[in-house]
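Commentary on secondary and tertiary structure
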Amino acid sequence: MGDVFYVDLVENEIKEAIVFLWQTNCGGSCDGGGIILHFYKLENGKGKLIDFLETGSRSGGCFVKNFRVEKKTIFIEQFGKCKKNTNFYSDKAFMCKFCISGFTSSVYSIKNSKLFREYVEETDTESKNINNYLPEISINE
């Protein structure tokens, strides 16, 4: 499953593609799914990968809470502590498989054909069960 959004992210009046790919990893049990974001530009009439961002899962943390593009800036909130852009399976006690506490807010832009993280902040919150949570997506130019 995936979604594609087109928005000008680099002030060239040509829209780049943001592709949301959903993945679920299963071993002994499944992780509830995660999202990989791919950013493409048009070059010589073909799509060329600018960069990608792999987020965490509903059970492991760093799953996308909301994704917003506004004025060429990308805002992503994720469940859990994600300053290092990783999930936190190893630090988690599985009292509630899909319960995550805290969230991380990040701001990205595309510079020199790379995804650049300009800002990140972690916030503490009570634990919340995100098993069936669907990310909020907002694309505004």
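Note that the structure is a prediction, hence the values are computed from the model and not measured.

When helices and strands are counted, the protein shows zero helices and eleven strands. The order of α-helices and β-strands along the protein, N terminus first, is β-β-β-β-β-β-β-β-β-β-β. Sorting the 141 residues of the protein into buried and exposed places 42% on the buried side. Here the analysis covers contacts within the protein between residues at least 6 apart in sequence; of these, 50% occur between residues at least 24 apart. Carbon and sulfur atoms make up 49% of the accessible area of the protein, which totals about 8100 Å².

Here the focus is the nonpolar core. With 22 residues, the main nonpolar core has L9, I18, L37, F39, F67 and I74 as its most contacted residues. Those elements that place two or more of their residues in this core are β2 (16–23), β3 (34–43), β4 (46–57), β5 (64–70), β6 (73–79) and β8 (103–111). What L37 contacts, discounting residues up to four positions off in sequence, is V19, F20, D51, F52, L53, F67 and I76.

Together, Y40, L49 and F52 make up an exposed nonpolar region whose accessible area comes to about 260 Å². Structurally, F52 can be placed in strand β4.

This part covers the environment of F52. Residue classification places F52 among the partly exposed positions, given a relative accessible area of 44%. Along the primary structure F52 and V19 are separated by 33 residues, whereas in three dimensions their C-alpha atoms are 9.2 Å apart. The residues touching F52, leaving out its near neighbours within four places in the chain, are I36, L37, H38 and L115.

Applying the stated criterion across every chain, the model contains four aromatic pairs. Grouping aromatic residues by their ring pairs yields a cluster made of F5, F20 and F67. Positioned above the aromatic ring of F103, the side-chain terminus of K65 is 4.5 Å from the ring centre.

Moving on, we come to the pattern of salt bridges. The final tally for this structure, using the stated rule, is six salt bridges. Residues D8 and K72 are paired through a salt bridge, measuring 3.7 Å at the closest nitrogen-oxygen approach. Of this pair, D8 sits in the loop between β1 (2–7) and β2 while K72 sits in the loop between β5 and β6, placing them 64 residues apart in sequence. Here E118 and K111 are joined by a salt bridge, their closest N and O atoms 3.7 Å apart. E118 gets classed as partly exposed once you look at its relative accessible area, which sits at 41%. Within this structure, K41, E43 and K48 form a network of salt bridges that share partners.

Attention shifts here to unusual backbone geometry. Comment: phi is negative for the bulk of residues other than glycine, and the bulk of peptide bonds are trans. Even without being glycine, N44 reaches a positive phi, approximately 55°. Structurally, N44 is set in the loop between β3 and β4.

Quick notes on the rules
Residues numbered from 1 in each chain as written. Predicted model: local features only at pLDDT ≥ 70, side-chain atom pairs only at ≥ 80, totals over all residues. Heavy atoms only, no water. Helix = DSSP H or I, 4+ residues; strand = E, 2+ residues; numbered from the N terminus. Buried < 20%, exposed > 50% of the residue type's maximum accessible area, 1.4 Å probe, protein only. Contact = heavy atoms within 4.5 Å. Areas by Shrake-Rupley, 256 points an atom, 1.4 Å probe, with all protein chains shown as cover. Core = buried A, V, L, I, M, F, W, Y, C linked by side-chain atoms within 4.5 Å. Patch = residues over 30% accessible without salt bridge, like charges linked within 9 Å, V, L, I, M, F, W, Y side chains within 5 Å. Salt bridge = Lys/Arg side-chain N within 4 Å of Asp/Glu carboxyl O. Phe/Tyr/Trp six-rings, centres within 6.5 Å; stacked < 30°, edge-to-face > 60°. Lys NZ or Arg CZ within 6 Å of the ring centre and 35° of its normal.

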